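The chain contents come next:
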Amino acid sequence: MIEPKPHEPTKHQYDSTVQTVHAFLQRYGLEGEVRVNIEANHATLAGLSFEHEVDMAFALDIFGSLDLNRGDPQNGWDTDQFPNDLREVTLMMKSILSAGGMKNGGMNFDAKVRRQSITAEDIAQSHIGAVDLMARALLNAEAMIKDGRIDQFKEQRYAGWNEGIGAKMLAGDVNLDAVADFALTSNHAPAPVSGRQEWLENVVTQLVK
C-alpha cells in the first residue's frame, strides 16, 4: 500500500492525496495491485477532510486501510495524536459503511508517545478513549444512514447526472469537445438551487451523540 502524505518526509510530496496516488498507479498500470493507507492527519494537511479521502479511495477502488491518528491544526505537521473528534470520525465511518464496509485492511492508531504524554497511564487512557470514540462513531454512522436525510438530499442534488449528458459523461461516452459543444448549443443557464449547507450541518450535529 501507499500512504498519501503531503508533507512527509519532504515539504512537497508527489503522493500528497488519494487522487495523486491513483494517477501515479494508473501511469504505471498498478491500480489493480496497489491500494492506499489513509491517515487522518495527512488528509487535513493536504487541505482535505478525512471522509473525503476515504470516499475517493472507495470511488477509485483503491481503499486499503486506515491510520486513525490526528494532528495539531495549529502545528501544520504530523504530530501522530490519538483521534478525539467524534464528528470527524463519524463522517469517516459513514463513508465506510455507505461503501459496504472495509472489505479488506483494517484500522490502527499509528500514534506516538509525545512530550505531552509519556507515561504508561497516558498511553492506556489514549487507547481507551480512541476505541470508545470509534464505537460511538460507528453507532452514529449507522443512525445517520438509517435517518436517510443526507443521502436523500445528495441523490436529489445530483439527479442530473443520472440522465442525458451527465450520464454520458460519467460513463465515459463523451469527450471534452462534445461537452463544450453541448454547452454552446444548449445555452443552458440553470437557476441556482441551494445546497442547504447549514441544514445538512445541523442534521449531522443532531445525529452525532
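Here the structure is shown first, and the text comes after it.
As the structure is a computational prediction, the values presented were derived from the model and not from experiment.

Asks: Now, about the pattern of salt bridges: what can you tell me, with residues and values included?
Replies: A full pass over the atoms with the stated rule returns six salt bridges. Across the salt bridge formed by lysine 5 and glutamate 3, the nearest N and O atoms sit 3.7 Å from each other. For the residue pair lysine 5 and glutamate 3, the accessibility class agrees, reading buried in each case.

Asks: Before we move on, could you go through the pairing of strand β1 (residues 36–39) and cite the residues and values that matter?
Replies: The side chains of a regular strand alternate between both faces of the sheet. Of the two faces of β1, both are covered, the one formed by Val36 and Ile38 as well as the one formed by Asn37 and Glu39. Examined bridge by bridge, β1 and strand β2 (residues 63–67) share four bridges and lie parallel to one another. Looking across to β2, one finds that valine 36 is bridged to phenylalanine 63.

Asks: How would you summarise the pairing of β2 if you had to cite specific residues and measurements?
Replies: By the criterion of burial, β2 is predominantly enclosed, with five of the five residues buried. When β2 meets strand β3 (residues 107–108), the two strands line up parallel, connected through two bridges. Bridge assignment links aspartate 67 to a residue of β3, and that residue is asparagine 108.

Asks: An account of the packing of aromatic side chains is requested, with residue identities and associated values reported.
Replies: Counted under the stated rule, the structure contains five aromatic pairs. Considering the side-chain rings of tyrosine 14 and phenylalanine 24, the 5.3 Å spacing of their centres and the 50° angle between planes classify their relative orientation as tilted. Of this pair, tyrosine 14 sits in the segment before α1 (18–27) while phenylalanine 24 sits in helix α1; the two residues are ten residues apart in sequence, bridging distant segments of the chain. For tyrosine 14, a relative accessible area of 52% gives the class exposed. On the basis of relative accessible area, phenylalanine 24 is assigned to the partly exposed category, the value being 29%. Consider the rings of phenylalanine 153 and tryptophan 199, whose centres lie 6.1 Å apart with planes at 55°: the pair is tilted. With phenylalanine 153 in helix α6 (residues 149–157) and tryptophan 199 in helix α9 (residues 197–207), this residue pair connects regions lying 46 residues apart in the sequence.

Cut-offs and rules
Residues numbered from 1 in each chain as written. Predicted model: local features only at pLDDT ≥ 70, side-chain atom pairs only at ≥ 80, totals over all residues. Heavy atoms only, no water. Salt bridge = Lys/Arg side-chain N within 4 Å of Asp/Glu carboxyl O. Buried < 20%, exposed > 50% of the residue type's maximum accessible area, 1.4 Å probe, protein only. Helix = DSSP H or I, 4+ residues; strand = E, 2+ residues; numbered from the N terminus. Pairing = 2+ DSSP bridges. Phe/Tyr/Trp six-rings, centres within 6.5 Å; stacked < 30°, edge-to-face > 60°.

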